[in-house]
Amino acid sequence: MNSGMYQRVISRYSLSGQRLETYPNAKVAAAAMDSDQTYISRAARENNAVFTACGYIWRRGAAAEIDVRPLLKKDWHGPSPIAAKIHTIGQYDLEGNLVGTHVNTKEAAKAVGVHYNGIRDVIKGRGMTYGGFIWSKTIKKKIPVNPRITEKIAGVSQYDMDGRWVRSFKNCYEAARLTGIDNGHIHHALNGDILNAGGYLWRKGQQLRLNINELRRHPAYKGSKLERHMKIKREKALK
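As the structure is a prediction and not an experimental result, all values here were calculated from the model.

On to the nonpolar core. One finds V156, F169, C172, A175, A176, I181, I186, A189, L190, A197 and W202 forming the largest nonpolar core, which totals 11 residues. Mapped by element, the contributors of at least two residues to this core are α8 (172-179) and α9 (183-191). Non-local contacts of V156, meaning those with residues more than four positions away in its chain, are made with R167, S168, F169, N171, C172, A175, I186, L190, W202, R203 and G205.

See the structure below:
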C-alpha cells in the first residue's frame, strides 16, 4: 500500500481503543455506518472538536490499537459516548483512600444515597466532606487529607459480619452507650483480643468495608461467631 492510499484508509475503534474494522476511505466507512462522510472524516482528525462518530472513535491508518488516555483527560460537556465511560468523581474515605469512582456528581449521589449538591460543594471547596466521604475530581489511590477532617474522624466504627460499615462513634464509651454493647468487649475487639463484640466487628477510624477474608488468620477465628457466619453463607450459596 503506497503512502497516499494509506492516508485515505480509515479505521473504526471501540471506546477502549481496540480496532474493530478498517475501510479504504471515509466514503466507504460512511456507507457502512449509514452516516455522513464529512462527519466521520472530522472524527478521524486528532485535535478536533469531534471525537466520535456513530458511537465509535475513528482514526486514519490501521493501527491495531490507539491510546485513548488523552481523550479521557478532556473536560467533557454534554452527552458523549466517551464521556459516559469516564469516571471523573473520586469518592474517598476520611483517611483519603479511594473507595469508588463515578461518572458525575449525580451518579455519585445516587450510589451513596445523598443529594448531589452536597458533593458539588465539597468539590468546589465549600465543604470538606459530605455523606461521610471526601469528594474530588482528582482520581488517585490515595489523596492528602485536610487535618481538620482527620480531627473529626470517628474514633470507633461498627461493622456487620459481612464487613459492611454500620455506624461510627467518637469513642468506645459512646459506642457502648448507644448500642448497649459492653464497653470492655468493644475495647477487646478493637485491640484484636477478640473478633467481635455484640455480634459486630469493630475498628478504629472509618472504612467503607472490611475484608473479612483476612480475619480468617486471626487467632480467635476458629470457633468464633464470624466463622459460623461464614460457614452458613457458604452452605446457603451451595443450595
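Moving on, there is more to tell.
The next point concerns the packing of aromatic side chains. Given two aromatic rings, one states the distance between the centres and the angle between the planes to describe the pair. One pass over the full model with this rule turns up three aromatic pairs. On the basis of an interplanar angle of 35° and a centroid distance of 5.9 Å, the ring pair of Y23 and W58 is categorised as tilted. Of this pair, Y23 sits in strand β2 (residues 19-23) while W58 sits in strand β3 (residues 57-60); the two residues are 35 residues apart in sequence, bridging distant segments of the chain. Here Y23 falls in the buried class, since its relative accessible area comes to 5%. Relative to W135, the ring of F133 has its centre 6.0 Å away and its plane inclined at 70°; by these criteria the two rings are edge-to-face. Judged on exposure class, the residue F133 and its partner W135 are both buried. The residue whose ring lies beneath R12 is Y56, and the NZ or CZ to ring-centre distance is 4.6 Å.

Glancing now at the environment of Q18. With respect to the helices and strands, the residue Q18 is situated in the loop between β1 (10-13) and β2. Residue Q18 is classed as partly exposed on the basis of its relative accessible area of 36%. A C-alpha to C-alpha distance of 4.8 Å links Q18 and E65, two positions 47 residues apart in sequence. Non-local contacts of Q18, meaning those with residues more than four positions away in its chain, are made with R12, Y13, A64 and E65.

Here helix α2 (residues 26-33) crosses helix α3 (residues 37-44) at 115°, and the two axes come no closer than 8 Å. Our pair here, α2 against α3, has a crossing hand that is right-handed. Note on element contacts: α3 touches α2 through Q37, I40 and S41, opposite A26, K27, A29, A30 and M33. Classifying every residue of the contact of α2 with α3 by side-chain character gives five nonpolar, two polar and one charged.

Here the focus is α2. Of the residues making up α2, those classed as buried are A26, A29 and A30. On an axial view of α2, the arc spanned by its buried residues comes to 100°, and they lie on one face. Exposed residues pointing more than 90 degrees away from the buried face of α2 are listed as K27, A31 and A32. At the N-terminal boundary of α2, the capping side chain belongs to N25, with an oxygen 3.1 Å from the backbone nitrogen of K27. Trailing α2 by a residue or two, D34 shows a phi angle of about 55°, which is positive.

The strands making up a sheet associate through backbone hydrogen bonding, with each pair oriented either parallel or antiparallel. Pairing is antiparallel in the open sheet, where three strands are placed in the order β5-β4-β6. For this open sheet the edge positions go to β5 (98-102) and β6 (134-136), each flanked by a neighbour on one side alone. Looking at each pair of strands side by side, their axes are set apart by 25° on average, direction ignored. Relative to β6, strand β4 (residues 89-92) runs antiparallel, the two sharing three bridges. Bridge pairing in β6 links G90 to S136.

Conventions used here
Residues numbered from 1 in each chain as written. Predicted model: local features only at pLDDT ≥ 70, side-chain atom pairs only at ≥ 80, totals over all residues. Heavy atoms only, no water. Core = buried A, V, L, I, M, F, W, Y, C linked by side-chain atoms within 4.5 Å. Buried < 20%, exposed > 50% of the residue type's maximum accessible area, 1.4 Å probe, protein only. Helix = DSSP H or I, 4+ residues; strand = E, 2+ residues; numbered from the N terminus. Contact = heavy atoms within 4.5 Å. Phe/Tyr/Trp six-rings, centres within 6.5 Å; stacked < 30°, edge-to-face > 60°. Lys NZ or Arg CZ within 6 Å of the ring centre and 35° of its normal. Axes fitted to C-alpha atoms, helices over the stretch in contact; angles between N-to-C directions. Left-handed = near helix turned anticlockwise from the far one by under 90°. Nonpolar A, V, L, I, M, F, W, Y, C, P; charged D, E, K, R; others polar. Arc of directions from axis to C-beta. Polar contact = N/O pair within 3.5 Å; in protein donor to acceptor, adjacent residues only side chain to side chain. Pairing = 2+ DSSP bridges.

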